[in-house]
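The residues making up each chain are set out below.
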Amino acid sequence: MKCCYHPDQEAEGSCAYCAVPLCKTCLVDAKPNNGYCLTCLRQKQFARTFNYLRLFVWFAGIAWMILAYFIFEPTQGGDWSYALAFSVLGPVVAVIINRLMFHVFIRLILSNLKPQQKFFVAFFRFSLTGKKNFYSQALNAINQVPNPEVYKDAFYERFIAVLILQPFALPANWSANVSKAWKLSEEEMLLELLTYGREIFLINIFKNHHYQAITTFIELLKRTARKDLYNELIDSIMARLEHVDLEEIKRYQPHKVANRIVLQAKQQEPQKVLVDKAFLTELKLIEEELETFLMKENRLKDWREIAEISKQLQLPMIPKATFEAARYPGINHLSWP
Ligand SMILES: [Zn+2]
Ligand SMILES: [Zn+2]
């Protein structure tokens, strides 16, 4: 893996706070700062001021509300509707200012970086947080990178991490946007992402339980028309299905007893149940997609097996939370072959 700040150098460790991969030089620089990378250090320095400012804006908003009371003095025959409109304005303006300040804050913590560093660090932060600000910052920065081809490997690594960790935060037109920014044709980029990422996808989906990544992996396989790899993925899904303990999952599902919904097992679900649930949740989310493919490939038997199991599980209200719960503590980053 490449260093986020020096995308032409191999990484030898990572930031103690945000986990960006760091090269030897960066690690030496981070050591006296609790192992924090450049951006984290800057963020820490800014955060204090930012929090004070935020408190101040809230304070001003509330002071405004109290002021409204004295200006309109309803007890002296003033108009309540004016007082109300005037006082509500205080907190509303405070919320707006605080939101704007947050955008400025995110811009500032990356502002001292070179364009190529900004690009990689922003994409890394997007892969961990899913915050759209980082996505657009990364895309803006790329246009200023002098010689993008030098950082090709780092680009594919960073972007595959985004595809695996943030399939839900990615905008629908990601491949058009990103390939344009990287000055590649869409087909070219998708093919290279697949060649580069096939193994990384499989390891992280099935060994690190990042099942949400099946969605983006299938999108890549479809758009590059790699039916062989699609079939290979289905084989892995079928093999994984054999290890699902459905009875155990059901013990932790809310179920009805005489028209009352009862949670049977209230204690913390074991890790095995959490990961099985995340896997089945993903299968449910891509049910139609799988059905179409398996029909065409004459794999109806496999389809029935998937459908049978998926019928017995309710889709969780927030699938994203199910995927997050399935991650082993600390595995926010990925494994690389
Ligand atoms: Zn960091
Ligand atoms: Zn470095």
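Quick note: structure is the one above.
Definitions and cut-offs
Residues numbered from 1 in each chain as written. Chains lettered and ligands numbered in written order. Predicted model: local features only at pLDDT ≥ 70, side-chain atom pairs only at ≥ 80, totals over all residues. Axes fitted to C-alpha atoms, helices over the stretch in contact; angles between N-to-C directions. Helix = DSSP H or I, 4+ residues; strand = E, 2+ residues; numbered from the N terminus. Left-handed = near helix turned anticlockwise from the far one by under 90°. Contact = placed C-beta atoms within 7 Å. Nonpolar A, V, L, I, M, F, W, Y, C, P; charged D, E, K, R; others polar. Core = buried A, V, L, I, M, F, W, Y, C linked by C-beta atoms within 7 Å. Buried ≥ 20, exposed ≤ 12 C-beta atoms within 10 Å, placed from the backbone. Domains from an automatic or database assignment. Expected span 1.5 Å × (residues − 1).

**Digging into the packing of helix α8 (residues 186–206) against helix α9 (residues 213–223)**
Consideration 1: It is at 10 Å that the axes of α8 and α9 come closest, and there the two elements cross at 150 degrees. Crossing of α8 over α9 shows left-handed handedness. Within the contact between the two elements, α8 uses L190, L193, L194, F201, N204 and I205 and α9 uses A213, I214, F217, L220 and R223.
Consideration 2: When its residues are assigned to classes, the contact of α8 with α9 shows nine nonpolar, one polar and one charged.

**Description of the nonpolar core**
Consideration 1: L22, A122, F123 and A138 are the most contacted members of the largest nonpolar core, which totals 69 residues.
Consideration 2: By residue number, the principal contributor to this core is helix α6 (residues 152–165), which donates nine residues.
Consideration 3: Two domains each put at least three residues into this core: domain 1 (37–112) and domain 2 (213–326).
Consideration 4: Residues within four places of A122 in sequence aside, it is in contact with L110, F134, Q137, A138 and A141.

**Here we look at α6**
Consideration 1: In this model, α6 (14 residues) spans 20 Å end to end at C-alpha, consistent with the 20 Å of a helix rising 1.5 Å per residue.
Consideration 2: For α6, a buried count of eleven out of 14 residues is recorded, marking the element as mostly surrounded by other parts of the structure.
Consideration 3: For α6, the full list of buried residues reads A154, F155, E157, R158, F159, I160, A161, V162, L163, I164 and L165.
Consideration 4: Contacts made by the buried residues of α6 are with α4 (115–129), α7 (174–181), α8 and α9.

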